[in-house]
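If you want the building blocks of each chain, they are given just below.
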Amino acid sequence: MNLFRLPTERIDRLADWVAEQVNSRVPAADPADRDPEFIIDRVGPGWMFARLYFRAEVRGLERIPDEGPVLLVGNHSGGNVSPEVLVATLAFVRRFGPHRPFFQLAHDMVMAYPVIGTLLRRFGTVGADPDSARQVLRDGAVVLVYPGGDWEVHRPSWKEDEIDFAGRTGFLRLAWEENVPIVPMVNMGAQQTALMLTRGDRLAQLLRLDQMLRLKVFPISLALPWGLNVGDLAGHIPLPSKVTVEFLDPIDLRAELGPELDLDAAYEHVTGVMQEALSGLAEERGLPIVG
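Criteria and cut-off values
Residues numbered from 1 in each chain as written. Predicted model: local features only at pLDDT ≥ 70, side-chain atom pairs only at ≥ 80, totals over all residues. Heavy atoms only, no water. Helix = DSSP H or I, 4+ residues; strand = E, 2+ residues; numbered from the N terminus. Rg over C-alpha atoms; globule rule 2.2 N^0.38 Å. Buried < 20%, exposed > 50% of the residue type's maximum accessible area, 1.4 Å probe, protein only. Contact = heavy atoms within 4.5 Å. Areas by Shrake-Rupley, 256 points an atom, 1.4 Å probe, with all protein chains shown as cover. Lys, Arg positive; Asp, Glu negative; His and termini not counted. Charge placed at Lys NZ, Arg CZ, Asp CG, Glu CD. Pairing = 2+ DSSP bridges. Core = buried A, V, L, I, M, F, W, Y, C linked by side-chain atoms within 4.5 Å. Patch = residues over 30% accessible without salt bridge, like charges linked within 9 Å, V, L, I, M, F, W, Y side chains within 5 Å. Salt bridge = Lys/Arg side-chain N within 4 Å of Asp/Glu carboxyl O.

Draft legend 1. Fine view of the overall build of the protein chain. Scanning the protein chain from terminus to terminus reveals 12 helices and 10 strands. The C-alpha atoms of the protein chain give 19 Å as radius of gyration, which agrees with the globular expectation for 291 residues (19 Å, within 12%). In terms of overall dimensions, the protein chain has a C-alpha envelope of 65 × 45 × 40 Å along the principal axes. In the protein chain, which comprises 291 residues, the share counted as buried stands at 49%. Across the protein chain, contacts joining residues at least 24 apart in sequence account for 78% of those joining residues at least 6 apart. Surface summary for the protein chain: the accessible area is close to 14300 Å², and the carbon and sulfur share equals 57%. If you average the places of the 29 positive and of the 40 negative side-chain charges in the protein chain, the two averages end up 6 Å apart.

Next up, the structure:
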């Protein structure tokens, strides 16, 4: 008799039960939840906060096509409180107006948060589901995606200048199938809003977090107000690090790679362009947090 079998089976059953509870609380993605009037009232104060607290600097907005569907692809930073998302979203709306359809893809855990999830849906955030993204792209919307997700957003602080999508290529398939341009965007500074120590991916595996919550990490960081912050599930108060976001030139995968999709080549090309730009921003950086 395997003495470890019974406890393992119980853990798996518990993990399945937790997954069911969480999934039942994740609202179905509905682009109609986006509320331009709600957005209008909050862009001004939100941008003022971003400028004062994060000294937000945004470059290259003019590189985003003025009309039609676009896939914005960014590197993700700052743990579960990701200031680059706030900065990029507010900057986009200030330039193109709240009535241009613009949606941000987010993890189910984010969408399941009470109050916060509702507010985000009114701002255009939907669950990171390919079908949802495909639907709004076909309607002519701009979609913001962070392929690195929880893996990249919790990378150790000393890897802040590295693009790490963990080999994920779903965004490339989406752009190719819908024949939309990719506009890469990179940020520097958001990863300095806390001291990220480790992703905790082995701990996440042990705790069955992927099975329960679709999380591949259980990060450990030093962050306000907790001090030692384990899991970051309750978020944290970000340090006032200067955040710079730069939009890069659009990429037409067919023009770059030819009539057949080579995922490896496409991945290397897009991440390579982003890495070069991110390294440039890192070289500009003077002091941590101060910028």
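What follows picks up the thread again.
Draft legend 2. Region of interest: the pairing of strand β9 (residues 227-230). Bridge count between strand β8 (residues 220-223) and β9: 4 bridges; the pairing is antiparallel. Pairing of Ile220 across the sheet is with Val230, part of β9. Between β8 and the antiparallel strand that follows it, β9, lie 3 residues.

Draft legend 3. Region of interest: the nonpolar core. Counting 33 residues, the largest nonpolar core has Leu71, Val73, Phe171, Leu172, Ile182, Leu253 and Val270 as the members making the most contacts within it. The biggest single contributor to this core is helix α12 (residues 263-284), with 8 residues. Excluding residues within four positions of it along the chain, Leu71 makes contact with Val143, Val145, Phe171, Leu174, Ala175, Val180, Pro181, Ile182 and Val183. Listed in part, the 29 residues of the second largest apolar core include Val43, Tyr146, Met185 and Ala190.

Draft legend 4. Here's a closer look at the side chain of Asp150. With respect to the helices and strands, Asp150 occurs in helix α7 (residues 149-153). Apart from the residues lying within four places of it in its own chain, the contact partners of Asp150 are Arg168, Arg214, Leu215, Lys216 and Val217.

Draft legend 5. Expanded view of a nonpolar patch on the surface. A cluster of nonpolar side chains, Trp158, Leu195, Leu197, Leu222, Leu228 and Val230, forms an exposed patch at the surface whose accessible area comes to about 560 Å². Counting only elements with at least two residues in the nonpolar patch, the list comes to β7 (195-198) and β9. Its relative accessible area of 56% is what places Trp158 among the exposed residues.

Draft legend 6. Molecular detail of the pattern of salt bridges. On inspection of all chains with the given rule, the structure shows 14 salt bridges. Across the salt bridge formed by Glu57 and Lys242, the nearest N and O atoms sit 3.3 Å from each other. Placement of the pair is Glu57 in strand β1 (residues 57-59) and Lys242 in the loop between β9 and β10 (244-247), with a sequence separation of 185 residues. The exposure class of Glu57 is partly exposed, given its relative accessible area of 27%. The salt bridge partner of Arg138 is Glu178, with a shortest N-O separation of 2.9 Å. Placement of the pair is Arg138 in helix α6 (residues 130-138) and Glu178 in helix α8 (residues 170-178), with a sequence separation of 40 residues. Look at Arg138 and you get exposed, because its relative accessible area is 59%. Here the salt bridges do not stand alone but share partners, grouping Asp131, Arg134, Arg138, Glu177 and Glu178 into one network.

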